[in-house]
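# Chain and residue survey
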Amino acid sequence: MSKVVYIVDTSALIDLKDKYPMDIFEGLWKEIEKLCKFRRFIAPEEVRKEIRDDGLIKWLRKSDMPFISPDSEQVEKVKEILSKHSFLAKEEGKANADPWLIALAIIRREDFQLFEGKHVILTQESKTKANRIPAVAKEYGIECYDLLELFRSERWKF
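Being a predicted model, the structure only gives us computed values, none of them experimental. (Residues numbered from 1 in each chain as written. Predicted model: local features only at pLDDT ≥ 70, side-chain atom pairs only at ≥ 80, totals over all residues. Heavy atoms only, no water.)

## Focus: the overall build of the protein
What counts here: The numbering of helices and of strands both runs from the N terminus, where a helix is a DSSP run of H or I of at least 4 residues and a strand a run of E of at least 2. Exposed residues in this analysis have more than 50% of their type's maximum accessible area, buried residues have under 20%, and partly exposed residues fall in between, with area computed by a 1.4 Å probe over protein chains only. Pairs of residues are marked as contacts when any of their non-hydrogen atoms sit within 4.5 Å. For the area figures, the Shrake-Rupley method with a 1.4 Å probe applies, and any residue is considered shielded solely by the protein chains shown. When charges are counted, Lys and Arg contribute as positive and Asp and Glu as negative, whereas His and the chain ends are disregarded. Just so you know, the charge point we use is NZ for Lys, CZ for Arg, CG for Asp and CD for Glu.
If you tally the helices and strands in the protein, you get eight helices and five strands. When its helices and strands are written in sequence order, the protein yields β-α-α-β-α-α-β-α-α-β-α-β-α. A principal-axis box enclosing the C-alpha atoms of the protein has dimensions of 45 × 40 × 30 Å. By residue count, 47% of the 158 residues in the protein fall in the buried class. In the protein, 71% of the contacts between residues at least 6 apart in sequence involve partners at least 24 apart. Carbon and sulfur atoms make up 49% of the accessible area of the protein, which amounts to about 9000 Å² in all. Averaging the positions of the 29 positive and the 29 negative side-chain charges in the protein gives two centres separated by 3 Å.

## Points about the packing of aromatic side chains
What counts, and what does not: A pair of Phe, Tyr and Trp rings is counted when the ring centres sit within 6.5 Å of each other, with Trp represented by its six-membered ring. The angle between the planes then sorts it: under 30 degrees is stacked, over 60 is edge-to-face, the rest tilted.
One pass over the structure, following the stated rule, counts seven aromatic pairs. Between Tyr 20 and Phe 25, the aromatic rings sit 5.3 Å apart at their centres with planes inclined by 80°, giving edge-to-face as the arrangement. Assessed through its relative accessible area of 18%, Tyr 20 is described here as buried. Judged by relative accessible area, Phe 25 falls into the partly exposed class, the value being 28%. Consider the rings of Tyr 20 and Phe 151, whose centres lie 5.3 Å apart with planes at 80°: the pair is edge-to-face. On the criterion of sequence distance, the pair formed by Tyr 20 in the loop between α1 (10-19) and α2 (26-37) and Phe 151 in helix α8 (residues 147-153) is long-range, its members being 131 residues apart.

## Some details on unusual backbone geometry
Non-glycine residue Arg 39 carries a positive phi angle of around 55°. For Arg 39, the location among the structural elements is in the loop between α2 and β2 (41-44). If you check the backbone angles, Asp 64 has positive phi at about 55° while not being a glycine. Within the element layout of this structure, Asp 64 appears in the loop between α4 (54-63) and β3 (67-68).

## Here we look at the nonpolar core
To keep things clear, this is the line we draw: Only buried residues count toward a nonpolar core. Its members are Ala, Val, Leu, Ile, Met, Phe, Trp, Tyr and Cys residues joined through side-chain atoms within 4.5 Å.
Tyr 6, Leu 13, Phe 41, Trp 59, Met 65, Ile 102 and Leu 150 are the most contacted members of the largest nonpolar core, which totals 50 residues. Here this core takes seven residues from helix α6 (residues 98-111), the largest share from any one element. For Met 65, the residues in contact, after removing those within four places along its chain, are Val 8, Leu 13, Cys 36, Phe 41, Ile 42, Ala 43, Trp 59 and Leu 60.

Listed below in structure tokens is the structure:
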């Protein structure tokens, strides 16, 4: 069976924490931590900058979730994405991970063509609105999953 690498949006982390509290869904969080350990639950550095919740910040430190620092290839890809989808641009002085998620997914797909698996964006954003991550990602051939699709993909039952 092929493995999926999840490139995680801030919305997924926030919904995960809010809808599946760590003190009640311990098993779920342990499974997420396993994905982190095997670098299958990753995010661009911009996601870390968006997180403001103390509990989530504490978990991120404990989980060793891999955050991918931007490189020149990602910067160029973000510029390309923003040239076509300017609504993804960040507001002045505010972090916005959206174009970085898509850029990382595109680059990872290109870099790991021999990898037996795929890279998907994990987001809770609407798949039906044109100005959201899933619509833009689809233009680049990148799939987006929500939390339930993650659980099904990993065949988790709680």
